[in-house]
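Below are the chains, spelled out letter by letter.
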Amino acid sequence: IGYCAWPDIVAEKQETMNIMNQMIKDKVTAYYDGQRVKITVNDVLPQTKLLTNKKIISGYKKLWLDYIEIAANQIELEKYPLPLFDKAYCMIITSLPKTQKYWDVDNKVYGHIINALRHNGFIQNDQWNNLVIIKAGRNDLPKPCTIIYLTGQWDKLPYVEEASS
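Everything numeric in this text was worked out from a predicted model, so none of it was measured.

A. The arrangement of the overall build of the chain in detail. From N to C terminus, the chain includes 4 helices and 5 strands. Along the chain direction, N to C, the helices and strands of the chain fall in the order α-β-β-α-β-α-β-β-α. Taken across its 165 residues, the chain has 36% of its residues classed as buried. Relative to all contacts within the chain whose residues are 6 or more apart in sequence, the contacts with residues 24 or more apart total 78%. As presented, the chain carries roughly 10,400 Å² of accessible surface, and 55% of it is formed by carbon and sulfur atoms.

Structure follows, in C-alpha cells:
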C-alpha cells in the first residue's frame, strides 16, 4: 500500500487559506457610531482596464466581498447591531500614493464595493432610488487605501458634515 498525499495537500491548502484570511482581516477596520458606518480597507480598487478576464474579475469581487464581510463582523462585535439602510448615502474615497498626482475617478471598479455592501446586509438594495454614491479621491494619507462611509442621512457624510457645521 502506497502513501497517499491527499491529507497533506488538504492540510497545506487549509493552512494557506488561514494565512490569507488573516492577511485580509489585518487590512480592514470598521466602526458604526449609531449614525454612520466607516470602513477603511488598506487596499485600492483596481482600474477598470486591468480587469481583462472572468477569473480576475471574480477574484476581485470575492476579495471585496471578504473585506466588507470582515467589516460587518467587526461592527457586530461593537455595541451597535449591524445597520441596514433602506435609503443610503455612500461615499467612497480612494486614497492613492502621494506620488500619483492624477487619476481618473471613473476608471475604478466601484461596483464590487456596492454589491458587497448589499450582500453583507448594509443596504437593502442598490437600485437608483435607494442609494446615492459619491466618489472622491485623496493622495494626502500615509498609505493608499479605500475609505467607505455609509449613512441614512446626507449630512452625516464627512465633507457635508464639515461644511454644514
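Still more ground to cover, so stick around.
B. Region of interest: the side chain of Ser95. Relative to the helices and strands, Ser95 resides in strand β3 (residues 88–95). Not counting the four nearest positions on each side in its chain, Ser95 is found in contact with Val44, Arg138, Leu141, Lys143, Pro144 and Cys145.

C. Just the packing of aromatic side chains, in detail. A full pass over the atoms with the stated rule returns 1 aromatic pair. Ring centres 4.9 Å apart and planes at 85 degrees place the aromatic pair Trp64 and Tyr67 in the edge-to-face group. Taken together, the residues span about one helical turn, with Trp64 and Tyr67 both in helix α2 (residues 54–76) at a distance of 3 residues. With relative accessibility at 0%, the residue Trp64 sits in the buried group. A relative accessible area of 2% means that Tyr67 is categorised as buried.

D. Quick look at the sheet that holds strand β5 (residues 145–151). Strand order in this open sheet of 5 strands is β1-β2-β5-β3-β4, and the pairing throughout is mixed. Two strands close off the open sheet at either side, each with one partner strand: β1 (28–32) and β4 (131–138). Along the sheet, successive strands turn relative to each other by an average axial angle of 10 degrees, direction set aside. Bridge count for β3 against β5 is 7 bridges, and the pairing is antiparallel.

E. A look at the nonpolar core. Formed by 32 residues in total, the largest nonpolar core has its most connected members in Val37, Ile39, Cys90, Leu117, Phe122 and Leu150. The set of elements that each furnish at least two residues to this core consists of β1, β2 (36–41), α2, β3, α3 (111–119) and β5. If you tally residues by element for this core, the top one is α2, at 8 residues. Residue contacts for Leu117: discarding those within four places in its chain leaves Ile39, Ile68, Cys90, Phe122, Ile123, Ile148 and Leu150. Core analysis: the next-biggest nonpolar cluster, separate from the first, contains 8 residues, Ile93, Ala136, Ile147 and Tyr149 among them.

F. Here's a closer look at α3. Among the residues making up α3, those that are buried are His112, Ile113, Ile114, Ala116 and Leu117. The first or second residue beyond α3 is Gly121, which carries a positive phi of 85 degrees.

Scoring rules and cut-offs
- Residues numbered from 1 in each chain as written.
- Predicted model: local features only at pLDDT ≥ 70, side-chain atom pairs only at ≥ 80, totals over all residues.
- Heavy atoms only, no water.
- Helix = DSSP H or I, 4+ residues; strand = E, 2+ residues; numbered from the N terminus.
- Buried < 20%, exposed > 50% of the residue type's maximum accessible area, 1.4 Å probe, protein only.
- Contact = heavy atoms within 4.5 Å.
- Areas by Shrake-Rupley, 256 points an atom, 1.4 Å probe, with all protein chains shown as cover.
- Phe/Tyr/Trp six-rings, centres within 6.5 Å; stacked < 30°, edge-to-face > 60°.
- Pairing = 2+ DSSP bridges.
- Axes fitted to C-alpha atoms, helices over the stretch in contact; angles between N-to-C directions.
- Core = buried A, V, L, I, M, F, W, Y, C linked by side-chain atoms within 4.5 Å.

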